[in-house]
Number of protein chains: 4
Amino acid sequence: MTDIITVRGYVATEVRLTLAQSGLPITGFRICSTERRFDRETGAWVDGHTNWYYVSMFRQLATNAGASIKKGDRVIVSGRLKVRPWINADGRTGMSVEIDADTAGHDLMWGTANFRRTSADR
Amino acid sequence: MTDIITVRGYVATEVRLTLAQSGLPITGFRICSTERRFDRETGAWVDGHTNWYYVSMFRQLATNAGASIKKGDRVIVSGRLKVRPWINADGRTGMSVEIDADTAGHDLMWGTANFRRTSADR
Amino acid sequence: MTDIITVRGYVATEVRLTLAQSGLPITGFRICSTERRFDRETGAWVDGHTNWYYVSMFRQLATNAGASIKKGDRVIVSGRLKVRPWINADGRTGMSVEIDADTAGHDLMWGTANFRRTSADR
Amino acid sequence: MTDIITVRGYVATEVRLTLAQSGLPITGFRICSTERRFDRETGAWVDGHTNWYYVSMFRQLATNAGASIKKGDRVIVSGRLKVRPWINADGRTGMSVEIDADTAGHDLMWGTANFRRTSADR
């Protein structure tokens, strides 16, 4: 399965849960992920390149993440990468780098979490 | 980076946090992950093959996961796969399939979580 | 998409292309993948743990890989991990760790390759 | 290990091997990867979103890939994703989405390959 990525990142924006006109729950926020690499010369781990992503969630994941994830949290996100060129009304162009999340959770390297199941096992 | 895997699974055993003699925190538990695939004939999603893994965690991740993850939870785990043959005292042999976890979190597809940071940002 | 893994490995067995009774082409072989990690004490890269996998391929990939991959080659394989317990006629049990390959190719870190397209673009 | 991605794609540009002033071999080219998804309404697989990436290679991988990969080939690439904003001399800005390749090979789903080892096993 191609273009699937797992990212550990810092939630850099407010997390907004909205409902599409169809009633579909949608949650979106931005995360950044900074590479850590071992510097052989100094013998220490140092920060490398930082990637920024927009994370999109739908349905049950959107609802639960909207109630759970907050700006400043550390998260794991796994899903399909989507690179999209865009153009706005005044002609400016750009590129958005999104992860269409299959799943997400808090990164327990950075804290503890109380989990409450909202869906029963299939 | 090779042999890295991200798995979404069900925590099938108690989660045990222990301290090695050196003082190193270690947490371990078993998860299972069941493939979901679309059956074109029936037009429905059905369960496929189930994989079982032993998840190993160390240091800060072990401490936080030991305080957060419980039997029956749904989790995401990402780390290096280690397939190990074993032999025990009475000569029986087998194979263990472990994930040496880089990170883990609750799977927000299945519930909500309250996260409390224990480590400040670097 | 869960349980997907990409592995770089050494082809340790002959590569056998067979046809199932249905006519389905099937190719299988074993690979091993050895972790490389930086030893901070010696300042050198050293070999770590070795994983062994059985790689299964079907259809077009099986046909092309059967004509291309040989024992001793270095390859990249990407696909779904399947951990299967087995029992044979005399009661012995064991575990097989398979990759049901979505794709594979020669690892160009280790050599050069002449590629000949057999399928046109869709 | 975070931000690692495996992509199967079509080589859309010429593949250029150059030498940096330091003598470091560098190869770069662009690939596109189109999602294939099953359309339940029509019962057929259809093309979804297309991602474009710039692939960067260095050292031995650059040398071998430069001698092996050609425009129009189908390849697998695995490595670290790097999203970089850029600004050029006349003030225009943009974003590049790169894969800093750990490895790459021809995608044997689409053709056959003759492989010739250039490096011995360690």
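Let me begin by describing the structure that accompanies this report. Bear in mind the structure is a predicted one, so any value in this text is a computation, not a measurement.

Here we take up helix α1 (residues 59-68) of chain B. All buried positions along α1(B) are accounted for by B:Leu61, B:Ala62, B:Asn64, B:Ala65 and B:Ser68. The inward-facing, buried residues of α1(B) abut β7 (111-117) of chain A together with β2 (16-19), β3 (25-39), β4 (44-58) and β6 (93-106) of chain B.

In this section: the relation of the copies chain D and chain C. Superposition of the two copies of the chain requires a rotation about an axis and a shift along the axis. Note on the copies: chain D fits chain C at an RMSD of 0.0 Å, the axial shift is 0.0 Å, and the rotation between them is 180 degrees. Taken together, the rotation and translation relating the two chain copies correspond to the operation of a two-fold axis. When you check the interface residues of chain D against chain C, 100% turn up at the interface there too, and the contact is symmetric in its surfaces.

Overall, the coordinates contain 24 salt bridges over all chains when judged by the stated rule. Taking the shortest distance from any N to any O, the salt bridge between D:Arg80 and A:Glu35 comes out at 3.5 Å. Of this pair, D:Arg80 sits in strand β5 (residues 74-87) while A:Glu35 is found in strand β3 (residues 25-39), placing the two residues in two different chains. Of the two residues, D:Arg80 and A:Glu35, neither departs from the other in class, the shared state being buried. A salt bridge links B:Asp107 to B:Arg8; its shortest N-O distance comes to 2.9 Å. With B:Asp107 in the loop between β6 and β7 (111-117) and B:Arg8 in strand β1 (residues 4-11), this pair connects stretches of sequence that are 99 residues apart. On the basis of relative accessible area, B:Arg8 is assigned to the partly exposed category, the value being 24%.

Once that is clear, we can look at the interface of chain C and chain B. Between chain C and chain B, the contact holds 20 residues from the first and 20 residues from the second. Both faces combined, the contact of chain C with chain B buries some 1,800 Å², and carbon together with sulfur accounts for 50% of it. Between chain C and chain B we count four salt bridges in total. Counting across the interface, chain C meets chain B through 18 residue pairs in polar contact (both at pLDDT 80 or more). Broken down by secondary-structure element, the contributors of at least two residues to the side of chain C that touches chain B are β1 (4-11), β3 (25-39), β4 (44-58), β5 (74-87) and β6 (93-106) of chain C.

This part takes up the packing of aromatic side chains. Enumeration over the complete set of coordinates arrives at six aromatic pairs over all chains. With 5.6 Å between their ring centres and 65 degrees between their planes, C:Phe38 and C:Trp45 make a pair best called edge-to-face. We classify C:Trp45 as partly exposed; its relative accessible area is 44%. Through a chain of ring-to-ring contacts, three or more aromatic side chains come together here, namely A:Phe38, A:Trp45, C:Phe38 and C:Trp45. Sitting above the plane of the B:Trp110 ring, B:Arg74 keeps its charged end 3.8 Å from the centroid.

We now examine the relation of the copies chain C and chain B. The operation relating chain C to chain B is a screw motion whose rotation component is 180 degrees, with 0.0 Å of axial translation and a residual RMSD of 0.0 Å. The fraction of interface residues of chain C whose copies in chain B are also interface residues reaches 100%, indicating that both copies meet through the same surface.

In this complex, chain D contributes 38 residues to the contact, which on the side of chain C involves 38 residues. Both faces combined, the contact of chain D with chain C buries some 3,600 Å², and carbon together with sulfur accounts for 55% of it. There are zero salt bridges connecting chain D and chain C. Sorting elements by how many residues they give to the side of chain D that touches chain C places strand β7 (residues 111-117) of chain D first, with seven residues. Sheet topology places strand β7 (residues 111-117) of chain C next to β7(D); seven bridges connect them, and they run antiparallel. Residue pairing for β7(D): C:Arg117 is matched across the bridge by D:Gly111.

Definitions and limits used
Residues numbered from 1 in each chain as written. Chains lettered and ligands numbered in written order. Predicted model: local features only at pLDDT ≥ 70, side-chain atom pairs only at ≥ 80, totals over all residues. Heavy atoms only, no water. Buried < 20%, exposed > 50% of the residue type's maximum accessible area, 1.4 Å probe, protein only. Helix = DSSP H or I, 4+ residues; strand = E, 2+ residues; numbered from the N terminus. Contact = heavy atoms within 4.5 Å. Least-squares fit on C-alpha atoms with pLDDT ≥ 70 in both. Salt bridge = Lys/Arg side-chain N within 4 Å of Asp/Glu carboxyl O. Buried area = accessible area lost by both parts, 1.4 Å probe. Polar contact = N/O pair within 3.5 Å; in protein donor to acceptor, adjacent residues only side chain to side chain. Phe/Tyr/Trp six-rings, centres within 6.5 Å; stacked < 30°, edge-to-face > 60°. Lys NZ or Arg CZ within 6 Å of the ring centre and 35° of its normal. Pairing = 2+ DSSP bridges.

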